[in-house]
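Coordinate inspection notes
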Amino acid sequence: MQPIRTRLVTTVAAFSALLVIALVVGPVIGSTHISLARVFDRSIPFADNLDAQIFFIARLPRVIAAALVGGALAASGVVFQALLRNPLASPDTLGVSAGAALGAMVAITFHFDFAFAGLPVIPLSSFAGSLCALGVVYALAAARHRGLSTTVLLLAGVTMTAFITALILFTQYLADFTDTFRTVRWLMGVLDIGGYAPVLAVLPMLLVAFGLFATLPRALDLISLGADAAASRGVNVPRTERTALVGASLATGAAVAIGGPIGFIGIIVPHMVRLVVGSDHRLVLPASILFGATFLIASDLVARTLFAPVEMPVGVITALVGGPFFLWLLLRSFR
Amino acid sequence: MLRAANISFAYRGIRTTRSPASAGRHVRNVVLNDVSLHVERGDLVGILGPNGSGKTTLLKLLGGVYSPASGTVTLDNRPLAAWTRRDIARRVAFVPQETQAPFDFTVIDIVLMGRFPHLGAFALEGPEDLDIARRALEATGSAPFEQRAFSTLSGGEKQRVVIASALAQSPQLLLLDEPTAALDIGHQIEVQTLLRRLNADRGVTMVLSTHDLNLASALCRRLVLLKDGLVVGFGPTEEVLTPDAIRTLYNVDAVVERHARTGRLTVVPIGRT
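In this text the structure is predicted, and so the values were computed from the model without any measurement.

1. What about the nonpolar core?
Across soluble globular proteins, nonpolar side chains have a tendency to be buried as a group. Core analysis: the biggest nonpolar cluster contains 180 residues, and A:V69, A:A72, A:V79, A:A254, B:V111 and B:L175 have the highest contact counts within it. At 16 residues, the largest contribution of residues to this core is made by helix α3 (residues 50-83) of chain A. Setting aside residues up to four positions removed in sequence, A:A72 forms contacts with A:L206, A:A209, A:A251, A:T252, A:A254 and A:A255.

Shown next as structure tokens:
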């Protein structure tokens, strides 16, 4: 076996290459054919250059949003799985995405369009929602002391999601017609954000989240073998748990604030990555961020082009792939 | 090297007992009460006691995984509370009764995790750490399955790998929670031999809990007898392991004889008192 340093370099290089390909190919392909020569032709004024407008205003922000959302959701999945010692944990199965969606919904519906301490309120409210949902699930896990069994985890997640969905429906009931149209589409998981503002708004939260994640991988390896065992190997378990929970809530909150509760990324991506790089979180976490980004760009590409010129919500695509995948994992976990 | 002075401990919240007198009120479930003991360098101490007597809790308190509600545990004359987790882990390693990996770690992955307290925050294991891990695998006879997935190992193999992971911590003190509980008699002897050799050859001090009185007699130089969170006996194995002690601990009548071939005390349970 190669030493960890070599494996880390090859892993990051390979998954970065995949992401670069997706980032380059993503904005070029779409329902309308555009010519790259025209896009970068400086002699045509931007206002008259339809190809450049499609590239820079419609597609590029969308591809960047897909990359950030995919990376954030995949990383959150990795963190939840290690912390709860259960490979079926993810922002969706735990109801954390639903919590974030409720937070964002409330902010959108009641027009909290202002900024708080320099940050826009919608992503902050989304973060608060995911943190609350996670707090409930984690209290359950802590009470169990040995992590959550698959049964308890899924039941808690289903209950949490059902409860929060009721609150989301109630919020919608209070909203007026135009807002309802907007939020219903957003709840399906969409990335046609039409500009860079939504991405820039959540960028600070994402940077903090990824910064927190960077401190975690080795501690996650140890915690996945049991909290007491990890403590006896020198891990500061309470501090690691706090860092991980805040980081994952920030990442999920930011991702949901941009694209709505896009499902299954946090479960599909870490599993595919583990098949390739093994279980060491120093490889799994960065590879999942990079591959999550690639995966969501690709899914969104399918959503944009499959029934072109009609666009599907990308959340529908990830759910169509993720649902069967999840069932297969569930069957395997019963073996 | 390790000294526990009058330590007490209770689990809060979930593991509570309720009596009619305190209906509706959470009662603290006292697990350990005023326990004192000391472990000398090179010692091999066994903790005996019935189920629920607080053996595992005592081990976790000695390893600083839990903090006592009152009393202090001192390591090299310094209270554990004054050490960081990392500093404790460089000296004391803990082997839980059972280890399960939710992900497919390889055996060498698991053993390398023992290097955690010796590495800086973002440092990766180097060739030296791999050397230490390989030697720990060899010392426990688990070198042949270095590349196997941990979850595919048998109970005995897993136990040896986890001990190897603890050895990779380069500890002076090894705490083991019922190291042979899940093993068949062949693997029991194997682990027993391994522990005795580590103690004799490497000078690793050990404290282990066990239900196996004959293992305790064969392996341990001194015994701590624990019942309902109280120490009811502490001393050299030969003096402490008596029919009276076994009756006190387990309500079992037993014959304790010196075995003709092994020359060690052997316990034969006769029946419940």
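On we go.
2. Concerning the sheet that holds strand β9 (residues 222-227) of chain B
All names here are of chain B. Judged by pairing direction, the sheet is mixed, and its six strands sit side by side in the order β6-β7-β8-β3-β9-β10 without closing on themselves. The open sheet has two edge strands with one neighbour each: β6 (92-95) and β10 (230-236). Taking the axes of each pair of neighbouring strands and ignoring which way they run, one obtains an average angle of 15 degrees across the sheet. Inspection of the sheet shows β6 paired to strand β7 (residues 173-177) by four bridges, in the parallel sense.

3. Focus on helix α13 (residues 281-305) of chain A
All names here are of chain A. Spanning 25 residues, α13 covers 35 Å between terminal C-alpha atoms, matching the ideal 36 Å at 1.5 Å per step. Bending of α13 peaks at approximately 25 degrees at the position of S288. Burial analysis of α13 places 22 of its 25 residues in the buried class, which makes it a mostly covered element.

4. A few points about the confidence of the model for chain B
Per-residue confidence for chain B gives a mean pLDDT of 89; residues scoring 70 or more make up 93%. Taken together, the chains of this predicted complex give a pTM of 0.89 and an interface ipTM of 0.87.

5. Focus on the interface of chain A and chain B
Contact with chain A, which involves 25 residues of that partner, is made by 27 residues of chain B. Counting residues per element, the side of chain A that touches chain B draws most heavily on helix α10 (residues 227-232) of chain A, which supplies four residues. In the side of chain A that touches chain B, the residues fall into ten nonpolar, seven polar and eight charged.

6. Digging into the environment of A:Q81
All names here are of chain A. When you line up the elements, Q81 lands in helix α3. Judged by local crowding, Q81 falls into the buried class, with 26 C-beta atoms found within 10 Å. Sequence spacing of Q81 and T109 is 28 residues, and the spatial spacing of their C-alpha atoms is 32 Å. Beyond its immediate stretch of four places on either side in the chain, Q81 contacts N86, P87, A89 and P270.

7. Side note on the environment of A:W186
Along the chain, A:W186 turns up in helix α7 (residues 177-187). Spatially, the C-alpha atom of A:W186 lies 26 Å from that of A:D51, the residues being 135 residues apart in sequence.

8. Section: the pairing of strand β4 (residues 70-75) of chain B
Residue and element names in this part refer to chain B. Direction of pairing for strand β1 (residues 2-11) relative to β4: antiparallel, over a ladder of five bridges. Bridge assignment links A5 to a residue of β4, and that residue is T72. The pairing of β4 with strand β5 (residues 78-79) spans two bridges and is classified as antiparallel. Residue pairing in the sheet places T74 in a bridge with P79 of β5. In textbook terms, the turn of a hairpin is the stretch between consecutive antiparallel strands, and for β4 and β5 this stretch comprises two residues, one of which, D76, has a positive phi near 50 degrees.

Reading the values: the criteria
Residues numbered from 1 in each chain as written. Chains lettered and ligands numbered in written order. Predicted model: local features only at pLDDT ≥ 70, side-chain atom pairs only at ≥ 80, totals over all residues. Core = buried A, V, L, I, M, F, W, Y, C linked by C-beta atoms within 7 Å. Buried ≥ 20, exposed ≤ 12 C-beta atoms within 10 Å, placed from the backbone. Helix = DSSP H or I, 4+ residues; strand = E, 2+ residues; numbered from the N terminus. Contact = placed C-beta atoms within 7 Å. Pairing = 2+ DSSP bridges. Axes fitted to C-alpha atoms, helices over the stretch in contact; angles between N-to-C directions. Expected span 1.5 Å × (residues − 1). Bend = angle between axes of the 7 residues up to and from the residue. pLDDT = per-residue confidence, 0-100. Nonpolar A, V, L, I, M, F, W, Y, C, P; charged D, E, K, R; others polar.

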